[in-house]
Amino acid sequence: MSRITTRRGALGLVGLTGLALAGCGTSGSEDLAEQARSGEDKGYVSGTGVITQLSDAERGDPLDLDFTLLSGESASLAQWRPRIVVINLWYAACPPCRVEAPDLNATYEELGDQVEFLGVNVRDQAGTAESFVRRFEVPYPVMLDSDGSMVSLLSGVLPPQATPSTVVLDATGRAAARVVGAVTRSTLTGLVEDALAE
């Protein structure tokens, strides 16, 4: 069983989608954000990710969750602090999830000695998730979010049904940045380096 401890009362993320988006003032970005909010039935967010960075004052309290990895090991977000944590939500049949997989892998290979990565499969059974992990040679830990506990934990940060999505937690476990839609290596590297520099 997963245990969620959320203290988002003062998270400062209400209306997060209305915050200024770094480098994302084009109508295409607005369309992507609207697509994520709309909950369209296709089940994924297409296009390049919409980036939001949060100031220190906007981050609120740490996000905590205990979970079981696909490998069977137990882990928690709290045990990974004070390292930066990158959480990526995906599922196997999501086309943009497959597109971003090599960039996530490359970023992990570059920064994995400084940062924890966690893949969160939001839809599949274990066999399907394991097949994806093998096919794309995912080098970082993966969990199945069968009960929706991670999606629930991130509900104050991400719009509903926003897959793929990536959240960067700072050294204290607070949401420092998010990407709704597929993330690129350069974007994720920049967000992680910003968090490391704090």
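See above for the structure.
Colleague: What is the right way to read the side chain of N88 from this model?
Modeller: Of note, N88 is situated in strand β5 (residues 84-90). Among the polar contacts made by the side chain of N88, one reaches the side chain of E100 at a distance of 3.0 Å. Reaching out from N88, the side chain makes a polar contact with the side chain of T166 at a distance of 2.9 Å. Not counting the four nearest positions on each side in its chain, N88 is found in contact with E100, L104, L118, G119, V120, S165 and T166.

Colleague: Mind showing me how you'd approach unusual backbone geometry here?
Modeller: Backbone geometry follows two general trends: most residues other than glycine have a negative phi, and most peptide bonds adopt the trans configuration. The omega angle of the peptide bond from R81 to P82 is 15°, so this bond is cis rather than trans. By the secondary structure assignment, P82 is in the loop between α2 (77-80) and β5. A cis amide bond links T163 to the next residue, P164, at an omega of 0°. Within the element layout of this structure, P164 appears in the loop between α5 (149-153) and β8 (165-169).

Colleague: Sorry if this is basic, but what is going on with the environment of S131 here?
Modeller: By the secondary structure assignment, S131 is in helix α4 (residues 126-135). Between the C-alpha atoms of S131 and A92, which are 39 residues apart in sequence, the distance is 8.4 Å.

Colleague: What's the story with the sheet that holds strand β9 (residues 175-180) in this structure? I'm lost.
Modeller: Sheets are built from strands paired through backbone hydrogen bonds, the pairs being either parallel or antiparallel. Here we have six strands laid out as an open sheet, ordered β2-β9-β8-β5-β6-β7, and mixed in their pairing. In the strand order of this sheet, the two ends are held by β2 (50-53) and β7 (142-144), each with one partner. Strand-to-strand twist of the sheet, defined as the mean angle between neighbouring strand axes without regard to direction, takes the value 15°.

Colleague: Please clarify how the environment of M143 should be interpreted in this entry.
Modeller: As for its placement among the helices and strands, M143 is situated in strand β7. Residue classification places M143 among the buried residues on the basis of a relative accessible area of 1%. For M143 and L118, which are 25 residues apart along the polypeptide, the C-alpha to C-alpha distance reads 7.4 Å. If near-sequence neighbours (up to four positions away) are discounted, M143 is found in contact with F67, T68, L69, L70, L118, G119, V120, N121 and M150.

Colleague: Just checking my understanding: could you explain the packing of aromatic side chains for this structure?
Modeller: Aromatic rings in a pair are described by how distant their centres are and how their planes are angled relative to each other. In total, this model carries six aromatic pairs according to the counting rule given. Measuring from ring centre to ring centre gives 4.2 Å for W90 and F132, while their planes differ by 25°; the resulting arrangement is stacked. Taken as a pair, W90 in strand β5 and F132 in helix α4 lie far apart in primary sequence, 42 residues in all. Like F132, W90 is buried. Of the aromatic side chains, those joined through ring pairs into one cluster are W90, F132 and F136. When the ring centre of Y91 is taken as origin, the NZ or CZ atom of R123, which lies over that ring, is 4.0 Å away.

Colleague: Hey, could you run me through the pattern of salt bridges in this one?
Modeller: Two side chains of opposite charge can pair, provided their charged atoms sit close to one another. Under the definition given, this model contains seven salt bridges. R185 is the salt-bridge partner of E110, the closest N and O atoms lying 3.4 Å from each other. Here E110 is found in helix α3 (residues 95-111), whereas its partner R185 is found in helix α6 (residues 185-197), with 75 residues between them in sequence. Since its relative accessible area comes to 35%, E110 is described here as partly exposed. Residues participating in the shared-partner salt-bridge network are D56, R59, D170, R174 and E198.

So, how was this worked out
- Residues numbered from 1 in each chain as written.
- Predicted model: local features only at pLDDT ≥ 70, side-chain atom pairs only at ≥ 80, totals over all residues.
- Heavy atoms only, no water.
- Helix = DSSP H or I, 4+ residues; strand = E, 2+ residues; numbered from the N terminus.
- Polar contact = N/O pair within 3.5 Å; in protein donor to acceptor, adjacent residues only side chain to side chain.
- Contact = heavy atoms within 4.5 Å.
- Pairing = 2+ DSSP bridges.
- Axes fitted to C-alpha atoms, helices over the stretch in contact; angles between N-to-C directions.
- Buried < 20%, exposed > 50% of the residue type's maximum accessible area, 1.4 Å probe, protein only.
- Phe/Tyr/Trp six-rings, centres within 6.5 Å; stacked < 30°, edge-to-face > 60°.
- Lys NZ or Arg CZ within 6 Å of the ring centre and 35° of its normal.
- Salt bridge = Lys/Arg side-chain N within 4 Å of Asp/Glu carboxyl O.

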